[in-house]
Amino acid sequence: SLHIQHRMLYRYLTQRALPYLESYFYVGATEREFSKENYGVPLERMEYFPLGGNPPEEKDYLEKRAKRRGELAVADDEVLLLHSGKLDALKRTKELLEAFAAVPELKAKLAIIGSIPENEKQNLLPLMEADQRVVYLGWKKAPELLEYLCACDLYCQPGSVSATLQNAVCCGSAILSYPHMIYTEGLDYGNILWAESRADMEETFRNIADEKIDLEALRAGSRKCAQELLDYRVLAARL
């Protein structure tokens, strides 16, 4: 597909279209570099146009947040962490659970949403069962997931890329993420904690426990990112 579909067919079609385009949009830095290398699109013709989301209205947000935090019995002095997706090895769920378990002094709950492949159950289920702070909620439909995103304080995505991260930002959550270029060059409004390894995650959790990280300030950064960049109303107005 790289040599025939992209470097021949798509490159040909893109080059034919370029003279008629005002802007060539890309959704992230990785896609920008791919378009430059494989389609020959000049950087000066490109414009960042990210995958967005729909920030909830404040009343709706507060209702969803209270509902799900009540369901999970999150105390006022507890932090709610959320991790979601198809929980394969690329999601690094095992490393996340191990890092969380290594900081028992952190007053927090870790809610996990998603499906566990058969070959990962032996790795993940014992870790979930060993820590009373971990709650596995199984698979949830998109509207339900958005309610949990409103409820959480820190959305944890230490592995592969997922559009859920943008939705978490739109719901005002702070972010823990692997430093993928699509995020480091687009969505960093002082709202993301970067983690390349299990040790990085553990250090982050320990810093939260020691109150060295201001999650409220990070969450404010996410709200600013949503309002200025990711809100589909803002993106539509650009068009």
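Further up the page is the structure itself.
One structure accompanies this document, and this report is about it. Just so it is clear, the structure is predicted and the values come from calculations on it, not from any experiment.

A few points about the pairing of strand E4 (residues 108–115)
Across the eight residues of E4, seven count as buried, placing the element largely inside the fold. Relative to E4, strand E3 (residues 79–86) runs parallel, the two being bridged by eight bridges. Its bridge partner lying in E4, valine 79 is registered against alanine 108. Following the chain from E3 across helix H4 (residues 93–101) to the adjacent parallel E4, one finds a crossover that is right-handed. Pairing analysis gives four bridges linking E4 to strand E5 (residues 134–138), with the strands arranged parallel. Note on E5: the bridge partner recorded for isoleucine 112 is tyrosine 136. Taken together, E4, helix H5 (residues 118–130) and E5 form a β-α-β motif whose crossover is right-handed.

A look at the pairing of strand E7 (residues 174–177)
Burial of the side chains of E7 extends over both faces: Ala174 and Leu176 are buried on one face and Ile175 and Ser177 on the other. Each parallel crossover has a hand, and the one from strand E6 (residues 154–157) via helix H7 (residues 164–170) to E7 is right-handed.

Description of the sheet that holds E3
A sheet is described by the order of its strands in space; here six strands give the open sequence E5-E4-E3-E6-E7-E8, paired in parallel fashion. Only two strands of the sheet have a single partner each, and these edge strands are E5 and strand E8 (192–194). For this sheet, the mean inter-axis angle between neighbouring strands, taken without regard to orientation, is 20 degrees. Each of E3, E6, E7 and E8 touches helix H9 (residues 198–209); the most contacted strand, E7, lies at about 150 degrees to it.

Examining the environment of glutamine 132
Here glutamine 132 lies in the loop between H5 and E5. Judged by its relative accessible area of 81%, glutamine 132 is exposed. Along the primary structure glutamine 132 and glutamate 47 are separated by 85 residues, whereas in three dimensions their C-alpha atoms are 46 Å apart.

What counts and what doesn't
- Residues numbered from 1 in each chain as written.
- Predicted model: local features only at pLDDT ≥ 70, side-chain atom pairs only at ≥ 80, totals over all residues.
- Heavy atoms only, no water.
- Buried < 20%, exposed > 50% of the residue type's maximum accessible area, 1.4 Å probe, protein only.
- Helix = DSSP H or I, 4+ residues; strand = E, 2+ residues; numbered from the N terminus.
- Pairing = 2+ DSSP bridges.
- Right-handed = clockwise from strand over helix to strand, strands pointing away.
- Axes fitted to C-alpha atoms, helices over the stretch in contact; angles between N-to-C directions.
- Contact = heavy atoms within 4.5 Å.

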